[in-house]
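Survey of secondary and tertiary structure
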Amino acid sequence: MQRPPQEDFSLKETKPHLGGGKVAGRWGLVTGDKLTSTYDLVEQMQYLYVRVVKAKELPGKDLTGSLDPYVEVRLGNYRGTTRHFEKKSNPEWSQVFAFSKDRIQASILEVNVKDKDVVKDDFVSRVMFDLNEIPKRVPPDSPLAPQWYRLEDRNGNKVRGELMLAVWMGTQADEAFPESWHSDSATVNGADALASIRSKVYLSPKLWYLRVNVIEAQDLIPGDRSRFPEVHVKAILGNQALRTRVSMSKTSNPMWNEDLMFVAAEPFEEPLILSVEDRVAPNKDEVLGRCAIPLQYIDRRLDHKPINSKWYNLEKHIIVEGEKKKEIKFSSRIHMRLYLEGGYHVLDESTHYSSDLRPTAKQLWKSSIGVLELGILNATGLSPMKTKDGRATTDAYCVAKYGQKWIRTRTIIDSFAPKWNEQYTWEVFDPYTVITIGVFDNCHLHGGDKPGGARDTRIGKVRIRLSTLETDRVYTHSYPLLVLHPTGVKKMGEIHLAVRFTCSSLMNMMHMYSQPLLPKMHYIYPLTVTQLDSLRHQATQIVSMRLGRAEPPLRKEIVEYMLDVGSHMWSMRRSKANVFRIMGVFGGLIAIGKWFDQICNWKNPITTVLIHILFLILVLYPELILPTIFLYLFLIGVWYYRWRPRHPPHMDTHLSCADNAHPDELDEEFDTFPTSRPPDIVRMRYDRLRSIAGRIQTVVGDMATQGERLQSLLSWRDPRATALFVIFCLIAAIALYVTPFQVVALVAGFYVLRHPRFRHKLPSAPLNFFRRLPARTDCML
């Protein structure tokens, strides 16, 4: 496969006019007059707003004297209408219309009151405005108060009735902007379709881990008393179902002492249902008793302190004359310890691209360290995504996810170069987090919500890690939107973003580098890899379901794409990319070996002589070895500062092996799981091979990540982390210079060999610092 030119996939720095005349300079500073608008990361867009509130004393038009009124707001070729009322002379609409100033081709605004009719709507009266006389409003000014206007006929004569309106010129920062009817979307009809194109903010449900510690059961009554019961406990929460092992005690009082873990979301809608079952035959279980426990009444644990266990009575359903009745067996009960874990962070994203690392319980949250601002400016060169009325078109919108807050921009209808110019803000609690921005094509504007309707199509996404951003700098770049298809990697267009990370306390942020990445419960009582994979799958399903129930819904395909569902699946391409990453890490060591070989072979006599002199000094004065190493690292770090990265990292097609993947490898990557390749035996072996290889791929990727973190110590990829390490190297060089080497060796040796009583379960500050260093996973496609 021929590799596409690399420049097509490159990141481009731009200098847009922001905030109404401001220009983002080379160093990310915004120059120009400061406006009162908070929308300083996007280009200001001017809109004519018309708020139609209500009318009174409208005259009748039909033979019966009744009126079915609605309002038509007309500006040139654009026409927006309110809903109509049946036989009402004092209607209330409270609707807002927005007309883009760039598309205004008229000087007069007409607001017509009309009578809804079966054949032809009748004109009732109107109000007209000269656009030159319309006032301007800039937030945070208060909204313009609507006022009553006398209505007139087509000849300009006053008629009966008045209309309450407010008309003003504003920007997208106006409070009325999100709920307005936009002239850009004049071709969209229907309330549901109009709702699906407006900008919205969504919140992920609050997720908890539910731990069910099944201890024992008492006085069970099996149906067949001539055999030893094989009893297990089955627990169901929503779509999640888990079961314990079969108890080894062959009595009516079985014991398990086994933990089952679930994901639960507030508000708690479904109870936890537990059933004690006896395996009476293969694939046949007899229910000995069950109980339903509402989650609202379950204890919540914030730390590792034990929770008291409780006994729960078991109920048994019996059939009496064809009807199911409930029989409570007070003699049969189950002993359990149930609690909601508030000290864990419930993982619903890929661990490499987490946007939130806080525990569930709000009492354990630390204060925020800053604010992230994102300006979604525009997109260019978008690919046609569908065909409508015989021509190719794209109706694009953006979704951004950071922490629990999701945002969705408005949909720009029928445009390959949409301009959104919307700005959003998030609180930041940890710099080692990633914001994800995805671009999608809206396929639900014309009946797509019907059963079997179309799915919104992905156009591409961008990830930005906050730790790679300098504080208080505005980054304005054009990001390529890359999507991998069975035919290879394809550029779907470019999206133009403005990003700023503002730090409220530099000391608090520097302190974060010494803190554990996850809440301490993950280290005191760690969950297994299998548990985390299963729980993450359940968490993504819950988030997808809850956001899909919003109005308008944030659909399943959008949520799963943003959360990287399925990224753990086996891929030959990703495995090759991870191997090449490891080779790149060890390439530095190989280069040092080649350089040392050149020293030994006297390729450069002057350098070799200097190395001999340095070697003699270090042998005669061994206390200079460590200070020299740290001083050398300090000098390298300062030297590399000149070549520190100027741009945020972005998806690298060459690093991902996406630009030269073999067609057969892509066919394997896009194959279904389980595979659709016959015959059945090959399918089983193929699936097993992919599952095992997926784990190997993860291990190889983790090895590459650790090596890349070592490289990032001095690369200034994370400017704050490198600054801390460089300063530490300087201090260590000075301290080791004045401290005898024997003392240093004794202290280091005794510290490594210290008694377990003096060890802490939480990771040390250097280890936490190392885990926060950025790797090249951010650039993986």
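Quick caveat: nothing in here was measured; it's all calculated off a predicted structure.

The subject of this paragraph is the overall build of the protein. Secondary structure assignment for the protein yields 13 helices and 33 strands. Residues counted as buried form 48% of the 781 residues belonging to the protein. Considering only contacts in the protein between residues 6 or more positions apart, those separated by 24 or more positions represent 71%. Looking at the protein as shown, the accessible area adds up to about 39,700 Å², and 57% of this sits on carbon and sulfur atoms.

Moving on: the confidence of the model for the protein. The predicted coordinates ought not to be read in detail in places where the model reports low pLDDT. Confidence along the protein averages 84 in pLDDT terms, with 90% of residues attaining 70 or more. For the protein, the element scoring lowest by mean pLDDT is strand β4 (residues 30-31), at 48; strand β27 (residues 396-402) scores highest, at 96. Predicted confidence for residues 31-37 stays below pLDDT 50, and this span has 18 contacts to residues more than four positions away or in other chains.

Moving on, we come to the side chain of Glu373. In this structure, Glu373 sits in strand β24 (residues 370-380). Not counting residues within four places of it along the chain, the set of residues in contact with Glu373 comprises Asp40, Leu41, Gln423, Tyr424, Thr425, Ala498, Val499, Arg500 and Thr502.

Let us look at the UniProt feature "transmembrane region" (unreviewed entry) in the protein. UniProt marks residues 579-596, 608-641 and 723-753 with the feature "transmembrane region" (unreviewed entry), using the numbering shown here. Note that residues 579-596 is 100% helix and 0% strand, and that its end C-alpha atoms are spaced 26 Å apart. Helix makes up 85% of residues 608-641 and strand makes up 0%, while its end C-alpha atoms are separated by 28 Å.

Now for the packing of aromatic side chains. Across all of its chains, the model carries 16 aromatic pairs by this definition. Summarising the aromatic geometry, the rings of Tyr47 and Tyr49 are spaced 6.2 Å apart at their centres and angled 40° between planes, so their arrangement reads as tilted. Tyr47 gets classed as buried once you look at its relative accessible area, which sits at 1%. Taking the centre distance of 6.1 Å and the plane angle of 85° together, the rings of Phe630 and Phe728 count as edge-to-face. Here Phe630, found in helix α8 (residues 625-640), pairs with Phe728, found in helix α11 (residues 719-738); they are 98 residues apart in sequence, far enough to count as distant.

Among the structural elements, Asn257 can be located in strand β18 (residues 255-265). Those residues within four positions of Asn257 in sequence are excluded, and the remaining contacts are Asn213, Val214 and Ile215.

The tally for this structure, following the rule as stated, stands at 36 salt bridges. For the salt bridge of Glu72 with Lys114, the shortest nitrogen-to-oxygen distance reads 3.4 Å. Residue Glu72 is located in strand β6 (residues 69-75), and its partner Lys114 is located in strand β9 (residues 108-115); the two are separated by 42 residues in the primary sequence. Here Glu72 matches Lys114 in class, with each residue buried. Here Asp430 and Arg772 are joined by a salt bridge, their closest N and O atoms 2.5 Å apart.

Moving on to the packing of α8 against α11. Interhelical geometry of α8 versus α11 gives an angle of 155° and a closest axis separation of 8 Å. Of the possible angle classes, the one that applies to α8 and α11 is roughly antiparallel. Like other packed secondary-structure pairs, α8 and α11 cross with a definite hand, here left-handed. Here Leu626, Pro627, Phe630, Leu631, Leu633, Phe634, Gly637 and Val638 of α8 come into contact with α11, specifically with Val726, Phe728, Cys729, Leu730, Ala732, Ala733, Leu736 and Tyr737.

To continue, consider the pairing of strand β12 (residues 158-171). In terms of burial, β12 is largely enclosed, as 11 of its 14 residues are buried. Sheet topology note: the strand β11 (residues 147-152)/β12 ladder contains five bridges and is antiparallel. Note that in β12 the partner of Arg150 across the bridge is Glu162.

Now for the environment of Arg574. Structurally, the position occupied by Arg574 is in helix α6 (residues 572-600). Excluding its chain neighbours within four sequence positions, the residues that come into contact with Arg574 are Ser567, Met569, Glu669 and Gln697.

The next point concerns empty space enclosed by the protein. Scanning the entire structure with this criterion turns up six cavities of 30 Å³ or more. Taken as a whole, the largest cavity spans an internal volume of roughly 190 Å³. Class assignment for the residues of the lining of the largest cavity results in five nonpolar, five polar and six charged.

About the thresholds
Residues numbered from 1 in each chain as written. Predicted model: local features only at pLDDT ≥ 70, side-chain atom pairs only at ≥ 80, totals over all residues. Heavy atoms only, no water. Helix = DSSP H or I, 4+ residues; strand = E, 2+ residues; numbered from the N terminus. Buried < 20%, exposed > 50% of the residue type's maximum accessible area, 1.4 Å probe, protein only. Contact = heavy atoms within 4.5 Å. Areas by Shrake-Rupley, 256 points an atom, 1.4 Å probe, with all protein chains shown as cover. pLDDT = per-residue confidence, 0-100. UniProt positions renumbered as here; feature names shortened; annotations may be inferred. Phe/Tyr/Trp six-rings, centres within 6.5 Å; stacked < 30°, edge-to-face > 60°. Salt bridge = Lys/Arg side-chain N within 4 Å of Asp/Glu carboxyl O. Axes fitted to C-alpha atoms, helices over the stretch in contact; angles between N-to-C directions. Parallel < 35°, antiparallel > 145°, perpendicular 65-115°, else oblique. Left-handed = near helix turned anticlockwise from the far one by under 90°. Pairing = 2+ DSSP bridges. 1 Å grid on protein atoms, 1.4 Å probe; cavity = no way out; pocket = protein on both sides within 12 Å on 5 of 7 lines; lining within 4 Å. Points joined across faces, edges and corners; volume = space filled by probe spheres on them. Nonpolar A, V, L, I, M, F, W, Y, C, P; charged D, E, K, R; others polar.

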